[in-house]
Amino acid sequence: MTKDKIGIFGGTFDPVHWAHLLIAEGACSQFGLEQVIWVVNSRPHYKRSTPFEHRWEMVRQAIADRHDWTIAPRSDNFVQAKYASQTLQQLQAIYPDSSWYWILGLDTFLTLPRWYHRQEIAPACEWSIAPRPLSGSESPPIQVLCDRVAQQLATESIDIRWQIIDLPLVGISASLVRQYCCDRRSIRYLVPEAVKIYISTHQLYV
Ligand code: ATP
């Protein structure tokens, strides 16, 4: 029996933007994923963020037209999950016999060697990495950077499988969207229309 291929796409999504949707779509078509589960981080410990309910609702609306994409519910333990490893464990309990693709941008993948419980999570997923412009001076090619991550983990005897999602570089970020709102610039074409309306209705980021 072939296992269902399920993508997990975690993030703060403050707010969700077109690059997120493009990445999920790229991973779906490239790896033949049956579904993508979007997991909105409840309380990112490293940055101040918009209340979870708003961020969750914006993701829900952004993916509403996709029958193969779901959002992890806000009413159960996903909300409390502090670490990616807990999220994966919970999903594995709900969908046993699946193969897991963790979808993330290059900047996030570069932090994997510092993730809590990486010994468990890193070998359990296929790491599906979206290219992303990195800040700072010119950086090495994505292939080289990803190889370095794999080598770093190998020093702890952690073996990972990873692939780059074949996508163009997209310079959209949630911080850019928030900055545009703050500067009263248009965010049309940076976020889906429903998200744009939600942001203006609830006067987020002003
Ligand atoms: P912020 O600007 O507030 O840091 P963000 O745009 O990175 O936010 P997140 O919700 O933190 O949004 O990102 C969720 C995931 O999507 C992360 O793995 C991140 O690397 C990835 N991601 C976000 N934007 C892009 C992009 N433009 N290209 C590639 N990956 C991206």
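First, a word on scope: everything that follows refers to the structure included in this document. (Residues numbered from 1 in each chain as written. Predicted model: local features only at pLDDT ≥ 70, side-chain atom pairs only at ≥ 80, totals over all residues. Heavy atoms only, no water.)

Glancing now at the pairing of strand β4 (residues 98-105). Counting buried residues in β4 gives seven out of eight residues, a clear majority hidden from the surface. As paired elements, strand β1 (residues 4-11) and β4 share six bridges and run parallel to each other. Within β4, the residue paired with K5 across the bridge is S99. When β4 meets strand β5 (residues 125-130), the two strands line up parallel, connected through six bridges. Considered in β5, the bridge of W102 is made with W127. (Buried < 20%, exposed > 50% of the residue type's maximum accessible area, 1.4 Å probe, protein only. Helix = DSSP H or I, 4+ residues; strand = E, 2+ residues; numbered from the N terminus. Pairing = 2+ DSSP bridges.)

We now examine the site of the ligand. Contacts to the ligand come from 23 residues, most closely from F13, D107, I172, A174 and S175. At 2.8 Å, a backbone N or O of F13 approaches an oxygen atom of the ligand. Mapped by element, the contributors of at least two residues to the shell around the ligand are β1, α1 (18-31), β4, α4 (106-109) and α7 (174-182). Residues belonging to the shell around the ligand are distributed by class as follows: ten nonpolar, nine polar and four charged. (Near = heavy atom within 4 Å. Polar contact = N/O pair within 3.5 Å; in protein donor to acceptor, adjacent residues only side chain to side chain. Nonpolar A, V, L, I, M, F, W, Y, C, P; charged D, E, K, R; others polar.)

So, about the packing of helix α2 (residues 52-62) against helix α8 (residues 193-201). The N-to-C vectors of α2 and α8 enclose an angle of 150°; their axes lie 8 Å apart at closest approach. If you check the angle between α2 and α8, you find them roughly antiparallel. Here α2 runs over α8; the crossing is right-handed. Of the residues in α8, those in contact with E53, H54, E57, M58, Q61 and A62 of α2 are A194, V195, Y198 and I199. In terms of residue class, the contact of α2 with α8 is made up of six nonpolar, two polar and two charged. (Axes fitted to C-alpha atoms, helices over the stretch in contact; angles between N-to-C directions. Parallel < 35°, antiparallel > 145°, perpendicular 65-115°, else oblique. Left-handed = near helix turned anticlockwise from the far one by under 90°. Contact = heavy atoms within 4.5 Å.)

Our next topic: the sheet that holds β1. As summarised here, the arrangement of the six strands in space is β3-β2-β1-β4-β5-β6, forming an open sheet in which the pairing is parallel. Edge strands, defined here as strands with exactly one partner in the open sheet, are β3 (69-71) and β6 (161-164). This sheet shows a mean twist of 25° between the axes of neighbouring strands, independent of strand direction. With three bridges connecting them, strand β2 (residues 35-40) and β3 associate as parallel partners. Paired with V36 across the two strands is W69, which belongs to β3. The strands touched by helix α3 (residues 84-94) are β1, β2, β4 and β5; relative to β4, the strand with the most contacts, the crossing angle is about 150°. Against the sheet, helix α6 (residues 142-154) makes contact with β5 and β6, and its axis sits at roughly 165° relative to β6, the strand it touches most.

For the rest of this paragraph, the subject is the environment of R66. Within the element layout of this structure, R66 appears in the loop between α2 and β3. Measuring from C-alpha to C-alpha, the distance between R66 and Q35 comes to 9.6 Å, with 31 residues separating the pair along the chain. Contact partners of R66, with chain neighbours within four places excluded, come to E25 and C28. In terms of polar contacts, R66 uses its side chain to reach the side chain of D68, at 3.0 Å.

On to α1. The end-to-end C-alpha separation of α1 is 20 Å, in line with the 20 Å expected for 14 residues at 1.5 Å each. Those residues of α1 not exposed but buried are A19, H20, L21, I23, A24, G26, A27, C28 and F31. The first or second residue beyond α1 is G32, which carries a positive phi of 65°. (Expected span 1.5 Å × (residues − 1).)

Left-over empty space is what a probe sized like a water molecule reveals as it rolls over the atoms. When its volume is computed, the second largest pocket comes out at roughly 210 Å³. Residue lining of the second largest pocket: C181, R184, R185, I187, K196, I199, S200, Q203, L204 and V206, and that is the complete set. Broken down by element, the lining of the second largest pocket gets its largest block of residues, three residues, from α8. Residues belonging to the lining of the second largest pocket are distributed by class as follows: five nonpolar, two polar and three charged. (1 Å grid on protein atoms, 1.4 Å probe; cavity = no way out; pocket = protein on both sides within 12 Å on 5 of 7 lines; lining within 4 Å. Points joined across faces, edges and corners; volume = space filled by probe spheres on them.)

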